[in-house]
Amino acid sequence: MDFGLSEEQEMIVETVRAFVETEIYPHENEVERSGIVPPELGDEIRRKCIDLGFYACNFPEEVGGAGLDHVTFTLVERELGRGSLGLTVFFGRPSGILMACEGEQRERYLLPAVRGEKIDALAITEPDAGSDMRGMKCAARRDGGDFVVNGTKHFISHADVADFVIVFAATGEEETPKGIKKKITAFLVDRGTPGFEILKGYDSVSHRGYHNSTLNFTDCRIPEAQVLGEVHRGFDIANQWLYGTRLTVAATCVGRARRVFDLALPYAAERKQFGKPIGANQGVSFKLADMITEIDAADWLTLAAAWQVDAGRPADRQIASAKLYASEMLARVTDEAIQIFGGMGLMDDLPLARFWRDARVERIWDGTSEIQRHIISRDLLRPLGA
């Protein structure tokens, strides 16, 4: 592994960081206060990202993307992690799952998403099916040349601004070594489809401005032509998507942690108590030492996992390790940063309380910490027959 960045990668990091600092930072306080990103602001960020040539940078060049490798895209996500998720979502990275589009689906969904003309959202989680995807109750039954979908999804990120949703529904059952499991199929469903309703979701303490929605399907008729991939093979497609998004979570956690550290370090050097900088006391200086060690470790763990993917090597365990460690690291770093700032760390004058709250969800979505530990331990024990 080459531990140095190429000139192109260095340029990309600098460009994205500058974009976040100039186009995202100035709006964060208002989004945090109101919990809303004005549509015109979201459109402006998206337009500027397109002009910069970074929109859909996670997609291959043959469909109009920038064709970045996994390491470079992970660097992009790391820099975006420094900014408010409610705003950086418009720095478009459509779901890679759309590469499964075929035929007319490419013109209707894939290519408009890559060009920034349409926004997608993914609908997997249900009130009774989170980590247990195969336990979903939202079901689609075949009716002639269509599927009729009934059920509910919740915690669906940015569905409120999406033009279409990739919905996963149970379409049958199969016998497995672990008993009967549901077969899952993915569908492309347009906003406004009869029987499909997008409702306001829950108010969250994390990532204000980045909304979740509840989706209701009531006898929603979807043509078979809008099946994404193969019927009953949605579980495989979902796993491919989660494979990449867990790297994204790890990378954004590193970016947020570095921004927090960049606030805490100079404060520790400048803030004086008892006649000397608080950083001169081991109670603070050792916190800084632990913080930067953990940040660097999470950074390299994440980039190493991305490198494994680019090398074409199995990386399930490495990605799970990166997501697990980076998300839990962010919680520790934000907490210690607040401790260094003392009471001021919890005031709205600083963004630390926001980072602290935002950090909490990272250990839950895209696979809980417990799911990551399951993936890691399974990878270790299976070769031994356990």
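Each remark here, short or long, concerns the structure printed above.
Residues numbered from 1 in each chain as written. Predicted model: local features only at pLDDT ≥ 70, side-chain atom pairs only at ≥ 80, totals over all residues. Heavy atoms only, no water.

## Describing the nonpolar core
Grouped together as the largest cluster of nonpolar side chains are 49 residues, with contacts concentrated most on V76, L98, I166 and F168. Contributions of two or more residues to this core are made by helix 1 (7-34), helix 2 (39-52), helix 3 (70-80), helix 5 (104-115), strand 4 (164-176), strand 5 (179-190) and helix 6 (234-270). Top contributing element to this core by residue count: helix 1, with six residues. Not counting chain neighbours up to four residues away, the residues in contact with L98 comprise F59, L110, A113, D120, F164, I166 and L188. Judged by nonpolar contacts, the second largest core, of 38 residues, contains C253, V254, F261 and L288. (Core = buried A, V, L, I, M, F, W, Y, C linked by side-chain atoms within 4.5 Å. Buried < 20%, exposed > 50% of the residue type's maximum accessible area, 1.4 Å probe, protein only. Helix = DSSP H or I, 4+ residues; strand = E, 2+ residues; numbered from the N terminus. Contact = heavy atoms within 4.5 Å.)

## Comments concerning the packing of aromatic side chains
One pass over the full model with this rule turns up eight aromatic pairs. Ring centres 6.0 Å apart and planes at 85 degrees place the aromatic pair Y210 and W365 in the edge-to-face group. With Y210 in the loop between strand 6 (196-200) and strand 7 (212-223) and W365 in the loop between helix 9 (352-361) and helix 10 (369-381), this residue pair connects regions lying 155 residues apart in the sequence. A relative accessible area of 16% means that Y210 is categorised as buried. (Phe/Tyr/Trp six-rings, centres within 6.5 Å; stacked < 30°, edge-to-face > 60°.)

## Considerations on unusual backbone geometry
The residue A56 is not glycine, and still its phi comes out positive at about 55 degrees. Inspection of the secondary structure puts A56 in the loop between helix 2 and helix 3. Taking the relative accessible area as the measure of exposure, A56 reaches 0% and is therefore buried. Its identity is not glycine, yet D366 carries a phi of approximately 60 degrees, on the positive side.

## Brief notes about the side chain of H154
Looking at the secondary structure, you find H154 in strand 3 (residues 146-157). Beyond its immediate sequence surroundings of up to four residues, H154 is in contact with T125, E126, P127, Y202, S213 and T214.

## Some points on the packing of helix 3 against helix 7 (residues 282-310)
Helix 7 packs onto helix 3 with a crossing angle of 145 degrees between their chain directions and a minimal axis gap of 8 Å. Of the two elements, helix 3 crosses helix 7, and the hand of that crossing is right-handed. Taken together, the residues of helix 7 that come into contact with helix 3 (itself represented by H70, V71, T74, L75 and R78) are D299, T302, L303, A306, W307, V309 and D310. In terms of residue class, the contact of helix 3 with helix 7 is made up of six nonpolar, three polar and three charged. (Axes fitted to C-alpha atoms, helices over the stretch in contact; angles between N-to-C directions. Left-handed = near helix turned anticlockwise from the far one by under 90°. Nonpolar A, V, L, I, M, F, W, Y, C, P; charged D, E, K, R; others polar.)

## What about the side chain of E28?
Within the fold, E28 resides in helix 1. We classify E28 as buried; its relative accessible area is 3%. Once residues within four sequence positions are removed from consideration, E28 is found in contact with R82, G83, S84, L87, R259 and R354.

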